[in-house]
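If you want the building blocks of each chain, they are given just below.
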Amino acid sequence: MQDLLWLDAALGGVLGLVLGSFLNVVIHRLPLMMEHQWAREAAEMTATHTEAAPDTAPPLNLLKPASRCPHCGHQIRWFENVPVLSYVALRGRCSACKAPISPRYPIVELATGALFLFCFARWGINPTGLAWCGFAAALLTLALIDWDTTLLPDSITLPLLWAGLIAAALQWTPTPLATSLWGAVAGYMSLWTIYWAFKLLTGKEGMGFGDFKLFAALGTWFGWQALVPIILMASVIGAVVGIALKFNSKLREGGYVPFGPFLAGAGLTAMAFGPDAILRFIGL
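The rules behind these values
- Residues numbered from 1 in each chain as written.
- Predicted model: local features only at pLDDT ≥ 70, side-chain atom pairs only at ≥ 80, totals over all residues.
- Heavy atoms only, no water.
- Helix = DSSP H or I, 4+ residues; strand = E, 2+ residues; numbered from the N terminus.
- Rg over C-alpha atoms; globule rule 2.2 N^0.38 Å.
- Buried < 20%, exposed > 50% of the residue type's maximum accessible area, 1.4 Å probe, protein only.
- Contact = heavy atoms within 4.5 Å.
- Lys, Arg positive; Asp, Glu negative; His and termini not counted.
- Charge placed at Lys NZ, Arg CZ, Asp CG, Glu CD.
- Core = buried A, V, L, I, M, F, W, Y, C linked by side-chain atoms within 4.5 Å.
- Expected span 1.5 Å × (residues − 1).
- Disulfide = S-S within 2.5 Å.
- Phe/Tyr/Trp six-rings, centres within 6.5 Å; stacked < 30°, edge-to-face > 60°.
- Axes fitted to C-alpha atoms, helices over the stretch in contact; angles between N-to-C directions.
- Parallel < 35°, antiparallel > 145°, perpendicular 65-115°, else oblique.
- Left-handed = near helix turned anticlockwise from the far one by under 90°.
- Nonpolar A, V, L, I, M, F, W, Y, C, P; charged D, E, K, R; others polar.

Draft legend 1. Fine view of the overall build of the protein. Tallying secondary structure elements over the protein gives 10 helices and 0 strands in all. Counting from the amino terminus, helix and strand elements in the protein follow one another as α-α-α-α-α-α-α-α-α-α. By the compact-globule yardstick of 19 Å for 284 residues, the protein fits well, its C-alpha radius of gyration being 21 Å. Expressed along its principal axes, the backbone C-alpha trace of the protein runs to roughly 60 × 50 × 45 Å. Residue burial in the protein is summarised as follows: out of 284 residues, 39% are buried. Expressed as a percentage of contacts within the protein between residues at least 6 apart in sequence, the contacts between residues at least 24 apart total 72%. The protein carries 17 positive and 16 negative side-chain charges, and their two centres are separated by 9 Å.

Have a look at this one:
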């Protein structure tokens, strides 16, 4: 039985490595796809009586065009795209121009592999294990997109929210459906209220609407009771990181630190150790 458990975990790790390679594509391209869509919509809205110029831009989606080196345009061949192993074999450099490849690519692959290994080791290869794998992959992707661009795409946050409700309804998570539903309501409305209170008092926006949706999604997976420890952990770690970046003069323009990565990190902590462990972690 123990051997089968470790076999499940190993399979999860391999699956995570493969999916991690795809997540790198999503993290890089999804914000670009959103920008292209916004540009097309803006062009359509500002078009005059004359017919708008046809869109001649090459297609951009998660499958096309093929991945290329950003420095020399070399198309990445399949054997140069094997998770982690290709990076090691290439010594972290493009095979054509020898430009360095960001180490974040293998780190994302390894992180996804570790998360999937954990989920399959804990829940096995079943709907529950697969559901938590999807949860972990979504949070990792959202955290990195938000850190890079300050965007939390609806195309990930909203499916994550609905998946939490569906998983609760099918009893793939220990959260009852009613608790999951109220978790979504409490998660969204709490940050929505804080947003408007802060804006009315200061005239500034303290967070984006994507944070509301992500917090609501976390509420569906863990229930409304878990929202307090999750938001406390995210706030404490976010404040520490923000202060560290300020002292190192590494804050981005406007002094803004995205909140999504810390919400995602707290969500992954709750998945691994439970919401109560978060309170112990921050000393409460």
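Draft legend 2. Broad picture of the nonpolar core. Counting residues in each nonpolar core, the largest one holds 55 residues, and the members touching the most others are Phe-135, Leu-160, Leu-218, Phe-222, Ile-230, Leu-263 and Met-271. Those elements that provide at least two residues to this core are α1 (2–45), α3 (104–123), α4 (127–149), α5 (154–169), α6 (177–202), α7 (209–222), α8 (227–247) and α9 (260–273). No other element matches the 13 residues that α4 contributes to this core. Discounting chain neighbours no more than four positions away, the residues touching Phe-135 are Leu-160, Leu-218, Trp-221, Phe-222, Gly-267 and Met-271.

Draft legend 3. Main features of α4. With 23 residues, α4 extends 32 Å from end C-alpha to end C-alpha; this agrees with the ideal 33 Å at 1.5 Å per step. Burial analysis of α4 places 17 of its 23 residues in the buried class, the great majority of the element. Thr-150, located one to two residues past α4, shows a positive phi value of around 60°.

Draft legend 4. Structural context of the state of the cysteines. The final tally for this structure, using the stated rule, is 0 disulfides. Of all cysteine sulfurs, the one in Cys-94 lies closest to Cys-69, which takes part in no disulfide; the gap is 3.8 Å. For Cys-72, which is in no disulfide, the shortest distance to another cysteine sulfur is to Cys-97 and amounts to 3.6 Å. For Cys-72, a relative accessible area of 39% gives the class partly exposed.

Draft legend 5. Molecular detail of the packing of aromatic side chains. For the coordinates displayed, the defined rule picks out 14 aromatic pairs. Pairing Tyr-188 with Phe-212 gives two aromatic rings, centres 5.5 Å apart and planes at 85°, and the pair type is edge-to-face. Of the two residues, Tyr-188 is situated in helix α6 and Phe-212 in helix α7; the sequence distance between them amounts to 24 residues. Among the residues examined, Phe-212 registers a relative accessible area of 0% and is labelled buried.

Draft legend 6. Geometry of the environment of Lys-204. As for its placement among the helices and strands, Lys-204 is situated in the loop between α6 and α7. Judged by relative accessible area, Lys-204 falls into the exposed class, the value being 57%. Through-space distance from the C-alpha of Lys-204 to that of Val-236 is 21 Å; in sequence the pair is 32 residues apart. Once you skip the residues sitting within four places of it in the chain, Lys-204 turns out to touch Phe-198 and Lys-199.

Draft legend 7. Quick peek at the side chain of Thr-157. Relative to the helices and strands, Thr-157 resides in helix α5. Look past the residues within four positions of Thr-157 in its chain and what remains in contact with it is Leu-142, Leu-152, Gly-210, Lys-213, Leu-214 and Ala-217.

Draft legend 8. Structural context of the packing of α3 against α9. Here α3 crosses α9 at 30°, and the two axes come no closer than 11 Å. With respect to α9, the element α3 is oriented roughly parallel. Crossing of α3 over α9 shows left-handed handedness. Taking contact as the criterion, the partners of Leu-115, Phe-118, Cys-119, Arg-122 and Trp-123 in α3 are, on α9, Leu-268, Met-271 and Ala-272. Partitioned by chemical class, the residues of the contact of α3 with α9 number 7 nonpolar, no polar and 1 charged.

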